[in-house]
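If you want the building blocks of each chain, they are given just below.
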Amino acid sequence: MTETAGDDSSASDLGEDSSAPDLEASTRRYYETSDVDAFYDAVWGGEDIHIGLYAHEREAIADASRHTVRHVADRVEDLLGPDAAVLDLGSGYGGSARALAERFGCRVSALDLSEEHNVRHRAANARRGLDNLIEVVSGSLNRLPYEAHRFDVVWSLEVLCHVADREGALGEAVRVLKPGGALVFSDVMAAEDASAQELRPALSRLGVRSLATPSFYRDRLSGLGLELDFEDRTEDLATHYARLHEEVRLRSGELRGVISPAYVDGLLANLPLWVDITRRGLLRWGIFHARRAAAG
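Residues numbered from 1 in each chain as written. Predicted model: local features only at pLDDT ≥ 70, side-chain atom pairs only at ≥ 80, totals over all residues. Heavy atoms only, no water.

K.L.:
Lay out the sheet that holds strand β2 (residues 107-112) in plain terms, naming residues and giving numbers.
P.N.:
The seven strands lie next to each other as β3-β2-β1-β4-β5-β7-β6, forming an open sheet whose pairing is mixed. Pairing within the sheet leaves two strands with one partner each, and these edge strands are β3 (134-138) and β6 (227-232). With strand direction ignored, the average angle separating the axes of adjacent strands in the sheet is 15°. For strand β4 (residues 151-157) and strand β5 (residues 177-190), the ladder comprises six bridges, and the chain directions are parallel. Across the sheet, Val 153 pairs through a bridge with Ala 182, a residue of β5. (Pairing = 2+ DSSP bridges. Helix = DSSP H or I, 4+ residues; strand = E, 2+ residues; numbered from the N terminus. Axes fitted to C-alpha atoms, helices over the stretch in contact; angles between N-to-C directions.)

Here it is as structure tokens:
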């Protein structure tokens, strides 16, 4: 799940002023629609709504998205186990939370802005027998309802690109992280030299008016005292949007039976813009793995 963007601390600002509460309300309206849910179910797989890591360019989108979850978990495997506490920021339908709980037996606090998504998330957890390991909470990344130093791992996949105050959200994530713990996240970012004008047409459909850059995250995480590594997987971003466009184009007739024709038409108009800006090198995507120093 996401929170619509609009901060002044990142690159490619589209020049609109909106308060965080207004942005959160608009995000709920966008993501709590039957068309968006149907699109994610029919095209993305309905479980892991993330950019995929592709073994080959024809791989199924849902499979590649699951690969992302497993790969990111591998980066922090040493911190995970039955005694570990994980915070999943922007947990959406709960794919990451369930994958972590099933694989490691850890306890996961899953926070998302959308109560509708959270209802669906809780129901899926109960069906899988995981509701004893996963707590689903409605809330904002900028106001985490947790005490300091609570979590071994703070996790987030493609959520910060939509957050109103990214710098504040990073500070909150580090606040609740235990000494020696890890903040691990992926994000869609602007290339360092990309302009707002070049990105605006693609971003407009989602209501996202700015993107961070890799250097923004490096600088902020270093300033928060974390040691970090960035794994640049931009080539997978290009493959992902090409696959989304292909699926919608080839299945447009079928999709019009489960998604409104107007929404399908919007996808057919907007997804080629994403394909274009990724192929032109205007976007970056990758995985940040940042560790907090151990106590003492």
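K.L.:
Which residues make up the environment of Ile 49, and what are the values?
P.N.:
Residue position: Ile 49 is located in the loop between α2 (34-44) and α3 (61-75). According to the relative accessible area criterion, Ile 49 is buried, its value standing at 19%. Note: C-alpha distance between Ile 49 and Tyr 93 (44 residues apart in sequence) is 7.9 Å. Beyond its immediate stretch of four places on either side in the chain, Ile 49 contacts Tyr 40, Trp 44 and Tyr 93. (Buried < 20%, exposed > 50% of the residue type's maximum accessible area, 1.4 Å probe, protein only. Contact = heavy atoms within 4.5 Å.)

K.L.:
Describe in detail the pairing of β2, supporting the description with residues and values.
P.N.:
Burial within β2 is extensive, with five of its six residues counted as buried. In the sheet, strand β1 (residues 85-89) pairs with β2 via five bridges, with the strands oriented parallel. Each bridged residue has a counterpart across the sheet, and for Ala 85 the counterpart in β2 is Arg 107. Read from β1 through helix α4 (residues 95-104) to β2, the crossover connection turns out right-handed. (Right-handed = clockwise from strand over helix to strand, strands pointing away.)

K.L.:
I'd like a rundown of the nonpolar core, residues and numbers included.
P.N.:
By size, the foremost hydrophobic cluster in this structure holds 40 residues, and its most contacted members are Phe 39, Leu 199, Leu 211, Tyr 241, Leu 244, Trp 274 and Leu 283. Listing elements by their share of this core, those giving two or more residues are α2, α3, β5, α7 (196-203), α9 (234-250), α11 (261-279) and β7 (283-291). No other element matches α11, which puts seven residues into this core. Counting residues in each nonpolar core, the second largest holds 30 residues, with Leu 111, Leu 144, Phe 216 and Ala 290 among its members. (Core = buried A, V, L, I, M, F, W, Y, C linked by side-chain atoms within 4.5 Å.)

K.L.:
Explain the packing of α7 against α11 to me, and be specific about the residues and the numbers.
P.N.:
Remark: α7 packs on α11, axes separated minimally by 8 Å, with the N-to-C direction vectors making an angle of 145°. Each of Glu 198, Leu 199, Pro 201, Ala 202 and Leu 203 in α7 lies in contact with α11, whose residues at this interface are Asn 270, Leu 273, Trp 274 and Ile 277. Residues that form the contact of α7 with α11 fall into these classes: seven nonpolar, one polar and one charged. (Nonpolar A, V, L, I, M, F, W, Y, C, P; charged D, E, K, R; others polar.)

K.L.:
I'd love a proper account of the packing of α9 against α11, names of residues and values included.
P.N.:
Axis separation between α9 and α11 bottoms out at 9 Å; the angle between their running directions is 155°. When the interaxial angle is binned, α9 and α11 end up roughly antiparallel. Judged by the sense of rotation from one axis to the other, the crossing of α9 with α11 is left-handed. Contact residues: α9 offers Leu 237, Ala 238, Tyr 241, Ala 242, Leu 244, His 245, Val 248 and Arg 249, while α11 offers Leu 267, Leu 268, Leu 271, Pro 272, Trp 274, Val 275, Thr 278 and Arg 279. Tallied by class, the residues present in the contact of α9 with α11 amount to twelve nonpolar, two polar and two charged. (Parallel < 35°, antiparallel > 145°, perpendicular 65-115°, else oblique. Left-handed = near helix turned anticlockwise from the far one by under 90°.)

K.L.:
Requested: an account of the packing of aromatic side chains, with residues and values cited.
P.N.:
Aromatic ring pairs are defined here through the distance separating the ring centres and the angle between the ring planes. A full pass over the atoms with the stated rule returns twelve aromatic pairs. On the numbers, 5.1 Å between centres and 90° between planes, the contact of Tyr 146 with Phe 151 is edge-to-face. For Phe 151, a relative accessible area of 1% translates into the label buried. Between the aromatic rings of Tyr 241 and Trp 274, the centroid separation amounts to 4.7 Å while the plane-to-plane angle is 15°, which identifies the pairing as stacked. Of the two residues, Tyr 241 sits in helix α9 while Trp 274 sits in helix α11, which places them 33 residues apart along the sequence. (Phe/Tyr/Trp six-rings, centres within 6.5 Å; stacked < 30°, edge-to-face > 60°.)

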